[in-house]
Amino acid sequence: MKSGLAAGLALLLIAASPAPRVDDLGWLAGQWISETGDRWTEESWTDPRGGVMLGHSRSGRGDALREFEFLRIAPGADGTPAYVAQPQGGAPVAFALVRHDAASATFENAAHDYPQRIHYARDGDTLTATISAIDGSKPRRWTYRRR
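What comes next concerns the included structure. Everything numeric here is computed off the predicted structure, so don't read it as measured data.

Quick notes on the overall build of the protein chain
Then comes step 1: A count of helices and strands for the protein chain gives 1 helix and 10 strands.
Then comes step 2: From first element to last, N terminus to C terminus, the protein chain shows the α and β order α-β-β-β-β-β-β-β-β-β-β.
Then comes step 3: Partitioning the contacts of the protein chain with sequence separation of at least 6, the portion at a separation of at least 24 is 29%.

Quick notes on the sheet that holds strand β4 (residues 64–75)
Then comes step 1: Spatially, 10 strands are ordered β1-β2-β3-β4-β5-β6-β7-β8-β9-β10 in a closed barrel, and the strand pairing comes out antiparallel. With direction set aside, neighbouring strand axes in the sheet form an average angle of 25°.
Then comes step 2: Pairing of β4 with strand β5 (residues 81–87) involves 7 bridges; the strand directions are antiparallel. Counterpart to Phe 70 in the pairing with β5 is Gln 86.

As for the nonpolar core
Then comes step 1: Counting residues in each nonpolar core, the largest one holds 23 residues, and the members touching the most others are Leu 28, Trp 45, Met 53, Ile 73, Tyr 83, Phe 107 and Tyr 120.
Then comes step 2: Of all the secondary structure elements, the ones that give two or more residues to this core are β4, β5, β6 (93–101), β7 (104–108), β8 (117–123), β9 (126–132) and β10 (140–146).
Then comes step 3: Looking at this core element by element, the count peaks at 3 residues for β9.

Structural notes on the layout of surface pockets
Then comes step 1: Estimated volume of the largest pocket: approximately 830 Å³.
Then comes step 2: Contributing to the lining of the largest pocket are 33 residues, with Ser 59, Glu 67, Ile 131, Arg 140 and Trp 142 lying nearest its centre.
Then comes step 3: Grouping the amino acids of the lining of the largest pocket by side-chain chemistry returns 15 nonpolar, 9 polar and 9 charged.

Side note on the pairing of strand β1 (residues 30–36)
Then comes step 1: Examined bridge by bridge, β1 and strand β2 (residues 39–45) share 7 bridges and lie antiparallel to one another. Residue pairing in the sheet places Ser 34 in a bridge with Thr 41 of β2.
Then comes step 2: Linking β1 back to β2 in an antiparallel pair, the connection comprises 2 residues, with Gly 37 at a positive phi of about 60°.
Then comes step 3: Both β1 and β10 contribute to a ladder of 2 bridges, which runs antiparallel.

A word on the packing of aromatic side chains
Then comes step 1: Applying the stated criterion to the full structure yields 5 aromatic pairs.
Then comes step 2: Judged by centre distance (6.3 Å) and plane angle (75°), the rings of Tyr 83 and Phe 95 are edge-to-face. Of the two residues, Tyr 83 sits in strand β5 while Phe 95 sits in strand β6, which places them 12 residues apart along the sequence.
Then comes step 3: Taking the relative accessible area as the measure of exposure, Tyr 83 reaches 4% and is therefore buried.
Then comes step 4: The interplanar angle of 45° and the centroid separation of 5.3 Å between the aromatic rings of Tyr 83 and Phe 107 together place this pair among those described as tilted.

The rules we used
- Residues numbered from 1 in each chain as written.
- Predicted model: local features only at pLDDT ≥ 70, side-chain atom pairs only at ≥ 80, totals over all residues.
- Heavy atoms only, no water.
- Helix = DSSP H or I, 4+ residues; strand = E, 2+ residues; numbered from the N terminus.
- Contact = heavy atoms within 4.5 Å.
- Pairing = 2+ DSSP bridges.
- Axes fitted to C-alpha atoms, helices over the stretch in contact; angles between N-to-C directions.
- Core = buried A, V, L, I, M, F, W, Y, C linked by side-chain atoms within 4.5 Å.
- Buried < 20%, exposed > 50% of the residue type's maximum accessible area, 1.4 Å probe, protein only.
- 1 Å grid on protein atoms, 1.4 Å probe; cavity = no way out; pocket = protein on both sides within 12 Å on 5 of 7 lines; lining within 4 Å.
- Points joined across faces, edges and corners; volume = space filled by probe spheres on them.
- Nonpolar A, V, L, I, M, F, W, Y, C, P; charged D, E, K, R; others polar.
- Phe/Tyr/Trp six-rings, centres within 6.5 Å; stacked < 30°, edge-to-face > 60°.

Given below as C-alpha cells:
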C-alpha cells in the first residue's frame, strides 16, 4: 500500500509540475568562447524575452571563419521549448527540449542525421556544449568560458 501511495504522489507531483518555458533556460544567456591553439568557437545567447532566446555561433582557425550558425530557442508547435539551428544560414532544424534543470538542458531530434542530441550544462562561468547521436555516440564537446 505504501509503495502504491508513493507512486501515486510521484505521478501527482509530475503532473503538477509546470510546463517548461524558454525563460527556464535563461542561465544560457551570455557570450561564450572556446579556444584551443589557433582554433576558436564563439557562441552568444540573448536573455529570454518575448518567449524567445536568440543566438549565434561562429568557429574558425586563426583569422579565418570556418562555420557560422544562427540559433534560437522558442516554443515549438506543442508549446515545449525547441532549439532551432540554421547552420551556415540554411534551413532551420528543430530539436525539442527533453530534459532540463536549473543549469542544464538536452534537446533531441532523432530524425535528424547528425547531431541528434544537443546538451548544454553550465557550472559558474563555464559552459559545456555536447552534440551526439541520439544514443550518445559520436560525441563532440566544446568547453566555453564566459567572455
